[in-house]
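Observations on the model geometry
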Amino acid sequence: MALTKETKGKGTHTTVTFTVGKNEAPSEANVILLGDFNGWQTNDSSYQMEKKNGTYVKSIELETGKSYEFRYLSEDKGWFNDHAADAYVPSPYAGIDNSVVDLTALPAKKKPVKKVTAKKTVAKKSTAKAKKDDLKKIEGIGPKIASILTDNGIGTFAKLAGASVKTLEGILKEAGPRYAMHKPGSWPKQAKLAAAGDWDKLKTLQDKLDGGK
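Okay, so let's go over this structure. (Residues numbered from 1 in each chain as written. Predicted model: local features only at pLDDT ≥ 70, side-chain atom pairs only at ≥ 80, totals over all residues. Heavy atoms only, no water.)

Points about helix α2 (residues 143-151)
Structural remark: α-helix, 3.6 residues per turn; residues separated by three or four positions point the same way. Definition in use: Think of it in three bands: residues with accessible area under 20% of the maximum for their type are buried, residues over 50% are exposed, and the middle band is partly exposed, with areas taken using a 1.4 Å probe on protein chains only. Runs of E in the DSSP output that reach at least two residues are strands. Runs of H or I that reach at least four are helices, and both are numbered from the N terminus. The arc in question is traced by the directions running from the helix axis to the C-beta atoms. Here, two residues are considered to be in contact whenever any of their heavy atoms come within 4.5 Å of each other.
Within the span of α2, buried status applies to Ile145, Ala146, Ile148 and Leu149. For α2, the angular spread of buried residues about the axis comes to 160°, placing them on one side. As for α2, its buried residues are in contact with α3 (157-162), α4 (165-175), α5 (177-180) and α6 (187-195). Gly153, located one to two residues past α2, shows a positive phi value of around 85°.

Topic: the nonpolar core
Put simply, the test is: By nonpolar core is meant a set of buried Ala, Val, Leu, Ile, Met, Phe, Trp, Tyr and Cys residues that side-chain atoms within 4.5 Å join together.
Formed by 26 residues in total, the largest nonpolar core has its most connected members in Phe18, Phe37, Phe70, Tyr72 and Val101. Looking at this core, the elements with two or more residues in it are β2 (13-20), β3 (31-35), β5 (55-63) and β6 (67-74). Once you skip the residues sitting within four places of it in the chain, Val101 turns out to touch Leu3, Lys5, Val16, Phe18, Leu62, Lys66, Ser67, Tyr68, Phe70 and Asp86. Formed by 22 residues, the second largest nonpolar core is a distinct cluster that contains Leu135, Leu172, Trp187 and Leu209.

Some thoughts on the sheet that holds strand β1 (residues 2-7)
Heads up, the rule is: When DSSP finds two or more bridges between two strands, those strands count as paired. Every angle, taken between N-to-C directions, lies between 0 and 180 degrees, and every axis is a line fitted to C-alpha atoms, over only the stretch in contact when it is a helix.
Read from one edge of the open sheet, 4 strands run β1-β2-β5-β4, paired in antiparallel fashion. The open sheet is flanked by β1 and β4 (50-52), the only strands paired with a single partner. Ignoring which end each strand starts from, the neighbouring axes of this sheet average 25° apart. One ladder, built from 8 bridges, connects β2 with β5; its direction is antiparallel. Residue pairing for β5: Thr19 is matched across the bridge by Val57.

So, the environment of Ser186
Test applied: Polar contacts here mean pairs of N or O atoms no more than 3.5 Å apart (in protein, one a potential hydrogen donor and the other a potential acceptor; neighbouring residues in sequence count only if both atoms are side-chain atoms).
Its place among the elements puts Ser186 in the loop between α5 and α6. Under the relative-accessibility criterion, Ser186 is labelled buried at 11%. Note: C-alpha distance between Ser186 and Leu209 (23 residues apart in sequence) is 8.4 Å. A polar contact is formed between the side chain of Ser186 and the side chain of Gln190, at a distance of 2.9 Å.

Structure below.
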């Protein structure tokens, strides 16, 4: 699963693409995207997700600066959440959480370029942030898990490739039950290919995986 956000122009609206990968839906039946943005109307066919080669996709434009609760509805298997959501909040129904897509962080504005002295340049280099990779390119890792891994010192493909599955499982368990359910067994192998720039081999591997497993 994945949430892809693209903000253009003045940044007042963001196009969010919701993706349910192959074998991530509970069945092969049609899936509808429902949430705050369409009043949770189950009869709103305009929010039915497009199905292609077993993957479900739907792109919608949402107002930037807000967060939206949502879930997916399978025609024959009922409701299910997005494991790559930005957050989860309790729904009106006991024991059930809604997924959240968070657009409260506005796009960063470009800062004017300032002339700096050699001394300041040296200082800037010494305080530069450590390199980070987009861990969301690893199947099974969403925005929240990527953040958790980075906070635990695993913010690059190289470091993820060198991490043991036991270490990754410990980090997920420490983060809480929502994350402990994920299976990181293939993440180091995927990360090794990503670190080497073998994107074709990575795609071939991911096509064989089931939600990163």
